[in-house]
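Observations on the model geometry
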Amino acid sequence: MDNGMKETMKRVCVGLLAHVDAGKTTLSEALLYRGGCLRTLGRVDHQDAFLDTETLERERGITIFSKQAVLPLENVELQLLDTPGHADFSAEMERTLQILDCAVLVVSGTDGLQSHTRTLWRLLERYGIPAFIFVNKMDLPGADRAALLRELRERLSGGCVDFGEETKAVWENAALCGEEALTAYLETGALSDKTLAELVGARKLFPCFFGSALRLEGVDALLDGLKRYAPRPSYPSAFGARVYKIARDPQGVRLTFLKVTGGVLRVKALLTNRHPGVPEEDVWEEKADQLRIYSGAKFHPAEEAGAGTVCAVAGLSRTRPGEGLGGETSAPAPVLEPVLSYRVELPEGCDPGGALSRLRQLEEEDPMLRVVWNDRLREIHLQLMGEVQLEILRRLILDRFGLAVEFGAGGIVYRETITAPALGAGHFEPLRHYAEVRLLLEPGPGGSGLVFAAACPEEELSWDWQRLILSQLRASPPPGILTGSPLTDLKITLVGGRAHEKHTEGGDFRQAACRAVRQGLAGAENVLLEPWYDFHLELPAGCLGRAMTDLQRMGGETDPCQPAGEEAVLTGCGPAAGLRNYAAEVAAYTHGQGRLSCSLRGYEPCADQAAAAAAVGYDWRRDTDYPADSVFCAHGTGFTVPWDQVWGYLHTASAPRVEAGEPERTVSGPRAAYTGTAEQDAELMAIFERTYGPVKRREFRPRETARPEAPAPAADAPPAGPEYLLVDGYNIIFAWDELKRVAADNLDAARKQLLDLLCNYQGFRKCVVIVVFDAYRVPGNPGEATRYHNLHVVYTKESQTADAYIEKATYEIGRGHRVRVATSDGAEQLIIWGHGALRVSASAFHEEVTQVGGQIAAILDRNNRPESRQPVRAAMDRALLENAQRREDPEPPEGKTVKKR
Ligand SMILES: Nc1nc2c(ncn2[C@@H]2O[C@H](COP(=O)(O)OP(=O)(O)OP(=O)(O)O)[C@@H](O)[C@H]2O)c(=O)[nH]1
Ligand SMILES: [Mg+2]
């Protein structure tokens, strides 16, 4: 074939999918043979099938690795991809879905629709892949064409149309799949191939063919159908490619299998994964040393590969399945995940480190394999899909590395998620380090995995830092707190954070973000998820009762079932924990007549979460790799703040507290000050949503989604500079019991105590504190603004209430600064809100102050002793004072005369 022709030739990438033993490899063989690519017809059973190339596959008669073959036809070149059908190798199948233009779903005429077929159908739906259906093994007794078609139409889609009927009937049925097709058919009495291809491409029509791959029946009709109705993809002219698997050839050369999805890939081209969003440290650039077009075990080297070509590239060492190169985007994470975990028992004297690095090679090639190193136990654990995969791995490890490994008893791989939104905060500030991160954690739909987003104003944290935080979280998300299992179905949104000009390093954000996730989880309601299987159980009708009892005991659910004569088929779903060893039990009590097949359905909440978690024995508080506590710094020394007190220490603002009667607000106010706990935030979100409807969190950028009717303290330009805290002095004194008691005797002493506490508070929070005392009843009082250590103290003038002062001050300061007001006065509150300041209630403020340093009790205790009415300030207070005086403090407004006391 000359090059010019190659370029005009359309390529269609067709995947063959089915449950195990349906006949995919046999059908590939038949298609290649009938298409003129094979001179002799091989057979799976004779160990000479063209696409079951590996020794292991030939020995066992099953496909383990996906394989490709090129089938040039008139005007179109089909690239066939044969996939494994066994549920243990589903991931190998799933990753080919990322590059398919269409699929042929093979259904065994004697088995009908199996649970795995339905899983495949769901995956095709999810990936939006047009499909043809080939019902195979129609040569065997018991295959009933009409019943099978009915089943396909009822259980897969009404768009399943038998293409083996006469043309008129095909048109008539296909016309019902789309309005335009129907109109065309009613007008002309016919449907063009183009219209049919469009229906197929839109997944409205699924052409069905019946036949026998082994006997080459119905194979020509399928070939003809693919030629005429398979969608012809079009590609952009700029280069792009999607990696779908990594493998090694018999010489050990690392091969990157990819599909060119735009432009042309030439040998020796420089490839890179550089993309917006890929952190610089993860970017690679490597040369495509060799391009190989594989057909079965053989390949021919190519100089170039045009768009639509599936090829293997040698010379790349850092590619990974799902990666997008050039103009192609990366694929979302696969839906299927390994669910069982086994401990690897190495042969005597084998170094675990060396074994680990070899096993990591296999992990790279097999997406259904996770190699986990347990540092504490110094053990390697393999997470995988099932026993068959385990057996294959044992052989692979022996063949490839000469290592005879055994496996310990298998366990379940749990996952964790949360039930309601929660906020998380982490701060990491040992000497000369600095990072603060605030996150919103939200439960996602089942199967959605981990999703990351940013909704943090750039003025608060530069986009580069934000990207780094997200990519670090994505690369190594911290585990859940119930069992230390991976988190899933969770959306993590970065809502705030802070870096230090000089001291912040990338690793600091990793620390802060990890702490923020764990802190958020610690305050959230966590759920343990366990894997569930869909099952299909065939057994003698007499054993049905036993099976149903067993399944019920496991916590499974069964579909209604009618035994047909001697045989019964029971379908349903249940926890993998019970089902994974059930096949052997079935074989025993049915005396070999029963057959169980399972496929992964997804993760469901664990029925007995407490027992499962206790069995794992994980204690998140002791997990020093993933702390929930934060590290803050005072006077040059880092100190740990327990997770439940972190909110009181944060340097960046966060969500406001909601109390009954206050206007509710979004948690996203970028400059709002935080006074509540994570639980309160979850509650806050719920209240907000009850009032205003669901918050548009998916795309949320705080300032854009601010509702005009909701008070919006952080208006368009978020204010910079220090935060101001105005304290309504007497109001607080009479709201705090400890001070109220003192005030009953001696108001002056109470005032002094309040000021002492606030000195301490200011030292930690570094905000500008203005304490306002009402003096309007004092006749002739001119008003006074003064300093008390690191505080501004204002005595209002005659005829001016503290309220009025605060109102005015918030108005003036609020234009350029963040302002919070500590008070409990309801009327004042409304005005202050209106000026864009935040109110902190006296009790919330008390909590905040209590948390700061945890010293309030001690000070009050000392000061309340009759012999010591004078505040006792420790060396720390002096240090705070010096610190405060070094800072250039803005003066409070209306500072009339400043008298030093
Ligand atoms: N009678 C009959 N047997 C068939 C037909 N097609 C395949 N087989 C047999 O079914 C068995 C499985 O065939 P394969 O082609 O290996 O099935 P597969 O779907 O590729 O299986 P996996 O790759 O392991 O998932 C073999 O013994 C085939 O000979 C058919 O049309 N009729
Ligand atoms: Mg096969």
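This text gives an overview of the structure that appears in the document. Everything quoted here is computed from the prediction, not taken from an experiment. Numbering of residues starts from 1 in every chain and runs along the sequence as written. A letter from A marks each chain and a number from 1 marks each ligand, given out in the order of writing. Per-residue local features of the predicted model are confined to residues with pLDDT of at least 70, and side-chain atom pairs are confined, for both listing and counting, to 80 or more; whole-chain, interface and lining totals are unaffected and use all residues. Side-chain calculation: all heavy atoms of the structure are included, whereas hydrogens and water are not.

Attention shifts here to the environment of Glu364. Helix and strand assignments follow DSSP, with helices taken as H or I runs no shorter than four residues and strands as E runs no shorter than two, numbered in order from the N terminus. Structurally, Glu364 is set in helix α11 (residues 352-365). Between the C-alpha atoms of Glu364 and Ala247, which are 117 residues apart in sequence, the distance is 8.2 Å. Note on definitions: a residue-residue contact is assigned when non-hydrogen atoms from the two residues lie within 4.5 Å. Once residues within four sequence positions are removed from consideration, Glu364 is found in contact with Ile246, Arg248, Arg254 and Pro321. In the analysis that follows, any N or O atom pair within 3.5 Å is treated as a polar contact, provided that within protein one partner can donate a hydrogen and the other can accept it, and provided that, for residues neighboring in sequence, both atoms belong to side chains. In terms of polar contacts, Glu364 uses its side chain to reach the side chain of Arg248, at 3.4 Å.

This next bit is on the sheet that holds strand β4 (residues 102-108). Strand pairing follows a simple DSSP-based rule, namely that at least 2 bridges must link the two strands. Taken in spatial order, the seven strands make up an open sheet running β2-β3-β1-β4-β5-β7-β6, and their pairing is mixed. Unpaired on one side and paired on the other, β2 (67-73) and β6 (160-162) mark the two borders of the sheet. When the angles between neighbouring strand axes are averaged without regard to direction, this sheet yields 25 degrees. Relative to strand β3 (residues 76-82), β2 runs antiparallel, the two being bridged by seven bridges. In the sheet register, Pro72 faces β3, and the bridge partner there is Glu77. Against the sheet, helix α5 (residues 115-127) contacts β1 (10-17), β4, β5 (131-136) and β7 (206-210), and its axis sits at roughly 165 degrees relative to β4. Geometry is summarised by axes, namely lines fitted to C-alpha atoms with helices restricted to the contacting stretch, and by angles between N-to-C directions that run from 0 to 180 degrees.

In this section: the packing of aromatic side chains. Any Phe, Tyr or Trp ring, taking Trp's six-membered ring, that has another such ring centre within 6.5 Å forms a pair; planes under 30 degrees apart are called stacked, those over 60 apart edge-to-face, and the others tilted. Under the criterion given, the structure shown has 16 aromatic pairs. Each ring, one from Phe163 and one from Phe209, has its centre 5.8 Å from the other, and the planes form 55 degrees; the classification is tilted. One end of the pair, Phe163, is in the loop between β6 and α7 (167-175); the other, Phe209, is in strand β7, and 46 residues separate them in sequence. Aromatic pair Tyr294 and Phe299: ring centres 5.2 Å apart, planes at 45 degrees, arrangement tilted. Residue classification places Tyr294 among the buried positions, given a relative accessible area of 10%. Taken together, the ring pairs in this structure connect Tyr244, Phe257, Tyr294 and Phe299 into an aromatic cluster. In this arrangement the basic side chain of Lys245 is found over the ring face of Phe257, its NZ or CZ atom lying 5.3 Å from the centre. We call a charge positioned over a ring when the NZ of a Lys or the CZ of an Arg lies within 6 Å of the ring centre and within 35 degrees of the ring normal. For Arg292, the ring lying beneath its charged end belongs to Phe299, and the centroid distance is 4.3 Å. Accessibility here uses a 1.4 Å probe with only protein chains present; expressed as a share of the type maximum, an area under 20% marks a residue as buried, one over 50% as exposed, and anything in between as partly exposed.

Position of Gly262 among the secondary structure elements: in strand β9 (residues 254-262). Spatially, the C-alpha atom of Gly262 lies 7.5 Å from that of Gly327, the residues being 65 residues apart in sequence. Beyond its immediate sequence surroundings of up to four residues, Gly262 is in contact with Tyr235, Pro236, Ala238, Phe239, Gly240 and Ala307.

Moving on, we get to the packing of α7 against helix α8 (residues 179-188). Axis separation between α7 and α8 bottoms out at 8 Å; the angle between their running directions is 140 degrees. The orientation of α7 relative to α8 falls into the category oblique. On α8, the residues touching Lys168, Trp171, Glu172 and Ala175 of α7 are Ala181, Leu182 and Tyr185. We call two directions roughly parallel when the angle between them is under 35 degrees, roughly antiparallel when it is over 145, roughly perpendicular when it lies between 65 and 115, and oblique otherwise.

Let us now look at helix α15 (residues 544-554). Those residues of α15 that sit buried are Leu544, Ala547, Asp550, Leu551 and Met554. Down the axis, α15 shows its buried residues gathered within 130 degrees of arc, on one side only. Those residues of α15 that are exposed and angled more than 90 degrees off the buried face are Gln552 and Arg553. Buried positions along α15 lie against β28 (526-540), β29 (557-558), β30 (567-575), α16 (576-579) and α17 (582-589). Working definition: the arc comes from the directions between the helix axis and the C-beta atoms, pointing outward to the latter.

Each salt bridge in this description consists of a side-chain nitrogen of Lys or Arg and a carboxyl oxygen of Asp or Glu lying within 4 Å of one another. Under the defined criterion, the tally for this structure stands at 42 salt bridges. We note a salt bridge from Arg43 to Asp45, for which the minimum N-O separation is 3.0 Å. When its relative accessible area of 32% is taken as the criterion, Arg43 is described as partly exposed. With a closest N to O distance of 3.0 Å, Arg546 and Asp550 form a salt bridge. Residue Arg546 and its partner Asp550 are both found in helix α15; the two are separated by four residues, about one turn of the helix.

Attention now moves to a nonpolar patch on the surface. A surface patch of nonpolar side chains, about 320 Å² in accessible area, is lined by Leu176, Leu182 and Leu186. Considering the arrangement of structural elements, one finds Leu186 in helix α8. Like charges are joined within 9 Å and nonpolar side chains (Val, Leu, Ile, Met, Phe, Trp, Tyr) within 5 Å, but only among residues with over 30% relative accessible area and no salt bridge; these make up the patches. Each accessible area is a Shrake-Rupley result for a 1.4 Å probe, and residues are judged covered by the shown protein chains and nothing else.

Here we take up the coordination of the magnesium ion (ligand 2). In this structure, Thr25 (OG1) and Thr63 (OG1) serve as the protein donors to the magnesium ion (ligand 2), at separations of 1.9 to 2.0 Å. With Thr25 in helix α2 (residues 24-34) and Thr63 in the loop between α3 (55-60) and β2, the pair connects residues that are 38 residues apart, well separated along the chain. With respect to class, Thr25 is no different from Thr63; both count as buried. Donor criterion used throughout: N, O or S atom within 2.8 Å of the metal, extended to 3.2 Å for Na, K and Ca. Water excluded; incomplete-looking sites may result.

Bringing the site of ligand 1 into the picture now. One heavy atom within 4 Å of a molecule or strand makes the whole residue count as near it. Surrounding ligand 1, one finds 20 residues, the nearest of these being Lys24, Thr25, Thr26, Asp45 and Thr63. Within the contact set of ligand 1, an oxygen atom lies 3.1 Å away from a backbone nitrogen or oxygen of Ala213. Within the backbone of Leu214, a nitrogen or oxygen atom sits 3.3 Å from an oxygen atom of ligand 1. Broken down by element, the residue count for the shell around ligand 1 peaks at three residues, all from α2. A class-by-class count of the residues in the shell around ligand 1 yields seven nonpolar, eight polar and five charged. All amino acids are sorted into three groups, where Ala, Val, Leu, Ile, Met, Phe, Trp, Tyr, Cys and Pro are nonpolar, Asp, Glu, Lys and Arg are charged, and the leftover types, Gly among them, are polar.

All right, on to the nonpolar core then. Core analysis: the largest hydrophobic core is formed by 51 residues, its most contacted members being Ile380, Leu382, Leu537, Leu539 and Tyr582. Sequence-distant contacts of Leu382, that is, excluding residues within four places in its chain, are made with Leu340, Ser341, Tyr342, Val344, Leu359, Leu369, Arg370, Val371, Leu393 and Phe407. In this description, a nonpolar core means a group of buried Ala, Val, Leu, Ile, Met, Phe, Trp, Tyr and Cys residues linked to one another through side-chain atoms lying within 4.5 Å.

Take unusual backbone geometry next. Although it is not a glycine, Lys268 sits at a positive phi angle of roughly 75 degrees. Within the secondary structure, Lys268 is located in the loop between β10 (264-266) and β11 (270-272). One non-glycine residue, His635, lies in positive phi territory at about 50 degrees. The residue His635 is located in the loop between β32 (630-634) and β33 (637-641) in this model. What makes His635 partly exposed here is its relative accessible area of 45%.

Remark: α11 packs on helix α12 (residues 387-401), axes separated minimally by 11 Å, with the N-to-C direction vectors making an angle of 120 degrees. The angle between α11 and α12 places the two elements in the oblique class. Here α11 and α12 pass one another in a crossing that is right-handed. Across the interface between the two elements, Arg358, Leu359, Gln361, Leu362 and Glu365 of α11 pack against Leu393, Ile397, Arg400 and Phe401 of α12. The crossing is said to be left-handed when, going from far helix to near helix, the turn is anticlockwise and less than a right angle, and right-handed when the turn is clockwise.

Right, let's get into the sheet that holds strand β16 (residues 310-314). The antiparallel open sheet is built from six strands, whose spatial order is β14-β13-β16-β9-β8-β17. Looking at the sheet topology across the chains shown, the edges are occupied by β14 (298-302) and β17 (324-326). Direction aside, neighbouring strands of the sheet carry axes that sit 40 degrees apart on average. Direction of pairing for strand β8 (residues 240-248) relative to β17: antiparallel, over a ladder of three bridges. Bridge pairing in β17 places Gly240 opposite Gly326. Those strands touched by α11 are β8 and β9, and its axis lies near 140 degrees from that of β8.

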